[in-house]
Amino acid sequence: MSEYQAETVSDKGLVKIPSLNSVKRSVDKLEAEVTAHGMKVFARIDHAAGALQVDKQLRPTELLIFGSPQGGTPLMAASQAIGLDLPLKILAWEDESGMVWLSYNDLAYLANRYGISECPQVEVLSAVLSGLVNIAAEH
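Residues numbered from 1 in each chain as written. Predicted model: local features only at pLDDT ≥ 70, side-chain atom pairs only at ≥ 80, totals over all residues. Heavy atoms only, no water.

> Hey, could you go over the overall build of the chain for me, with residue numbers and the actual values?
Counting secondary structure elements, the chain contains 5 helices and 6 strands. Going from the N terminus to the C terminus, the chain shows its helices and strands as β-β-α-β-α-β-α-β-β-α-α. The principal-axis extents of the C-alpha atoms in the chain amount to approximately 40 × 35 × 30 Å. For the chain, buried positions account for 38% of its 139 residues. By sequence separation, contacts in the chain at least 24 residues apart represent 63% of the contacts at least 6 residues apart. Surface summary for the chain: the accessible area is close to 7700 Å², and the carbon and sulfur share equals 53%. (Helix = DSSP H or I, 4+ residues; strand = E, 2+ residues; numbered from the N terminus. Buried < 20%, exposed > 50% of the residue type's maximum accessible area, 1.4 Å probe, protein only. Contact = heavy atoms within 4.5 Å. Areas by Shrake-Rupley, 256 points an atom, 1.4 Å probe, with all protein chains shown as cover.)

Structure, rendered in structure tokens:
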């Protein structure tokens, strides 16, 4: 991929990996993959565009919110409170050096938070998230 490595910030439950694409292209690729996998895109939020609406500047930052009942329902059946962190989200953002990153919540961390680590769907969705992010990060 690139000289950068994936980084899991375990104490905060965040995973971040570098993208070889712009923020927009990364999210375009994510959106296409999410749809191709039969999931629904609920929202695409351009935080930089929102900042401009109040005369502020923000480096490119976009959030994709997506999911499916097939993926999320088993998690919510195990603990409805995880609905606070569902649907799934991936943030694409550009840092001060111009590097683009893709970040998302580590599902194992969330499962531990909600006491549902034994739910098999955690592993399945973790693999899906990782796969989506890796595809979006590649040229």
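> I'd like a description of empty space enclosed by the protein, backed by residues and values.
Throughout the structure, instances matching the rule amount to 1 cavity of 30 Å³ or more. The calculated volume of the largest cavity comes to roughly 60 Å³. Lining the largest cavity, in full, are D85, L86, L88, K89, Y104, N105, L107, L110 and L129. Put simply, the parts of the chain that give the lining of the largest cavity at least two residues each are β5 (88–94), β6 (100–105) and α4 (107–113). Of the residues that constitute the lining of the largest cavity, the class distribution is 6 nonpolar, 1 polar and 2 charged. (1 Å grid on protein atoms, 1.4 Å probe; cavity = no way out; pocket = protein on both sides within 12 Å on 5 of 7 lines; lining within 4 Å. Points joined across faces, edges and corners; volume = space filled by probe spheres on them. Nonpolar A, V, L, I, M, F, W, Y, C, P; charged D, E, K, R; others polar.)

> How would you summarise unusual backbone geometry if you had to cite specific residues and measurements?
The amide bond that connects L86 to the next residue, P87, takes the cis arrangement and shows omega of 0°. Of note, P87 is situated in the loop between α3 (69–78) and β5.

> Describe the pairing of β6, with residues and values.
Burial of β6 is extensive: 5 of the 6 residues sit out of reach of the surface. Across 6 bridges, the pairing between strand β2 (residues 14–19) and β6 is antiparallel. Bridging from a neighbouring strand, V15 pairs with Y104 of β6. Bridge analysis of β5 against β6 gives 5 bridges, and the strand direction is antiparallel. Across the sheet, W93 pairs through a bridge with W101, a residue of β6. Remark: 5 residues form the turn of the hairpin made by β5 and β6, two consecutive strands paired antiparallel; G98 in that turn has positive phi of roughly 95°. (Pairing = 2+ DSSP bridges.)

> Residues and numbers for the environment of K24, please.
Here K24 lies in helix α1 (residues 23–36). Each C-alpha atom of the pair K24 and G131 lies 18 Å from the other, and the pair is 107 residues apart in sequence. Not counting the four nearest positions on each side in its chain, K24 is found in contact with R44 and E62.

> Could you give an account of α3, with specific residues and numbers?
Buried within α3 are the following residues: G71, G72 and L75. Along α3, the residues classed as buried sweep out an arc of 75° about the axis, all on the same side. Of the exposed residues in α3, those oriented more than 90 degrees away from the buried face are P69, Q70 and A77. For α3, the secondary structure elements touched by its buried residues are α5 (120–137). (Arc of directions from axis to C-beta.)

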